[in-house]
Amino acid sequence: MPVEHEDYITSESLLCLTAWASRALIAELNHRFHQAGLRLTMEQWRALHFLVEREGLTQNDLAGLLLQEKTSVSRLLTGMQRRGYVARAPHARDGRCNRLLVTEAGQEVCRKGILLAGQTLNAAEKGLPAEDLDVCRRVLRHIIRGMRGEDRPEHCPEGPPLAPT
């Protein structure tokens, strides 16, 4: 049902509510990373998690998984490389791009990040019934598919994940 202009309450819109929820979760996770002494942001952790799961991705592959511009991913990777979390290696078949490899330090930071992300999600979901979380996830996946221009039924495969799980 379309939103009527006179019924529209900006602070209660899905746009505002999802943005605020996302920012609150990201801020909390970044705080936990900082408290644990990890030199890492949520954005870097997401990238690192994808690279641990799929070692050898190219920068373009990673940009697609993160839903980010290639230039943003390049800056992200440069910072991660400076911290010693990732390394770039020549691609065996395509000399125009590099493979992205996770270092031991990067793997360790990723493992610690997974624990802190789990704690953050547990805190955020505390007291919510499982059925409500399932509905929330289903609705958000539907919105994401719609914004991507995908028109697949709920039971179809989703393609690449949007975030590490």
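Peer 1: Help me understand the pattern of salt bridges in this model?
Peer 2: For side chains of opposite charge, pairing can occur when their charged atoms come near one another. The final tally for this structure, using the stated rule, is five salt bridges. With a closest N to O distance of 3.1 Å, Glu125 and Arg137 form a salt bridge. Separated by 12 residues along the polypeptide, Glu125 in helix 5 (residues 104-125) and Arg137 in helix 6 (residues 130-148) bring together distant segments of the chain. With a relative accessible area of 37%, Arg137 lands in the partly exposed category. Through salt bridges with shared partners, a single ionic network connects Glu108, Arg111 and Lys112.

Peer 1: Is there a simple way to explain the packing of helix 2 (residues 42-53) against helix 4 (residues 70-82) in this structure?
Peer 2: In helix packing, the relevant descriptors are the interaxial angle and the interaxial distance, both defined with respect to the helix axes. Where helix 2 meets helix 4, the axes come as close as 10 Å, and the angle between the chain directions of the two elements is 85°. In terms of orientation, helix 2 lies roughly perpendicular with respect to helix 4. Contacts between helix 2 and helix 4 involve Glu43, Gln44, Ala47, Leu48 and Leu51 on the former and, on the latter, Leu76, Leu77 and Met80. When grouped by side-chain class, the residues that make up the contact of helix 2 with helix 4 number six nonpolar, one polar and one charged.

Peer 1: Teacher, can you tell me more about helix 5 here?
Peer 2: Because an α-helix completes one turn every 3.6 residues, residues spaced three or four positions apart along the sequence face the same direction. For helix 5, built from 22 residues, the straight-helix expectation of 32 Å at 1.5 Å per residue is met to within 8% by its first-to-last C-alpha distance of 32 Å. When helix 5 is considered as a whole, its buried residues turn out to be Gly106, Val109, Cys110, Gly113, Leu116, Ala117 and Thr120. Taken down its axis, helix 5 places every buried residue within 135° of arc, on the same side. Exposed and facing more than 90 degrees away from the buried side of helix 5 are Glu104, Leu115 and Asn122. For helix 5, the secondary structure elements touched by its buried residues are helix 1 (14-35), helix 2 and strand 2 (98-102). Downstream of helix 5 by one or two residues, Gly127 has phi in the positive range, about 85°.

Peer 1: Quick question: what am I supposed to make of the environment of Gly106 here?
Peer 2: Of note, Gly106 is situated in helix 5. Assessed through its relative accessible area of 0%, Gly106 is described here as buried. Distance in space between the C-alpha atoms of Gly106 and Val86 is 6.3 Å, their sequence separation being 20 residues. Those residues in contact with Gly106 that sit more than four places away from it in its chain are Leu48, Gly84 and Tyr85.

About the thresholds
- Note that residues are indexed from 1 along each chain, following the sequence as it is written.
- Where totals are concerned, whole chains, interfaces and linings use all residues; where local detail is concerned, this predicted model gives features only for residues with pLDDT of at least 70, and gives and counts side-chain atom pairs only at 80 or more.
- Each side-chain value is worked out from all heavy atoms of the structure, with water and hydrogens disregarded.
- We define a salt bridge as a contact between a side-chain nitrogen of Lys or Arg and a carboxyl oxygen of Asp or Glu at a distance within 4 Å.
- Secondary structure counts use DSSP, requiring at least four H or I residues in a row for a helix and at least two E residues in a row for a strand, with both numbered from the N terminus.
- Using a 1.4 Å probe on the protein chains alone, a residue whose accessible area is under 20% of its type maximum counts as buried, one over 50% counts as exposed, and one in between counts as partly exposed.
- Only the contacting stretch of a helix is used when fitting its axis, a line to C-alpha atoms as for every element, and angles between N-to-C directions run 0 to 180 degrees.
- Between 65 and 115 degrees an angle is taken as roughly perpendicular, under 35 as roughly parallel, over 145 as roughly antiparallel, and anywhere else as oblique.
- Throughout, a contact is declared for two residues whenever any of their heavy atoms are within 4.5 Å.
- For this classification, the nonpolar set comprises Ala, Val, Leu, Ile, Met, Phe, Trp, Tyr, Cys and Pro, the charged set comprises Asp, Glu, Lys and Arg, and every other residue, Gly included, is treated as polar.
- Helix span is expected to be 1.5 Å times the residue number reduced by one.
- The directions considered for the arc are those from the helix axis to the C-beta atoms.

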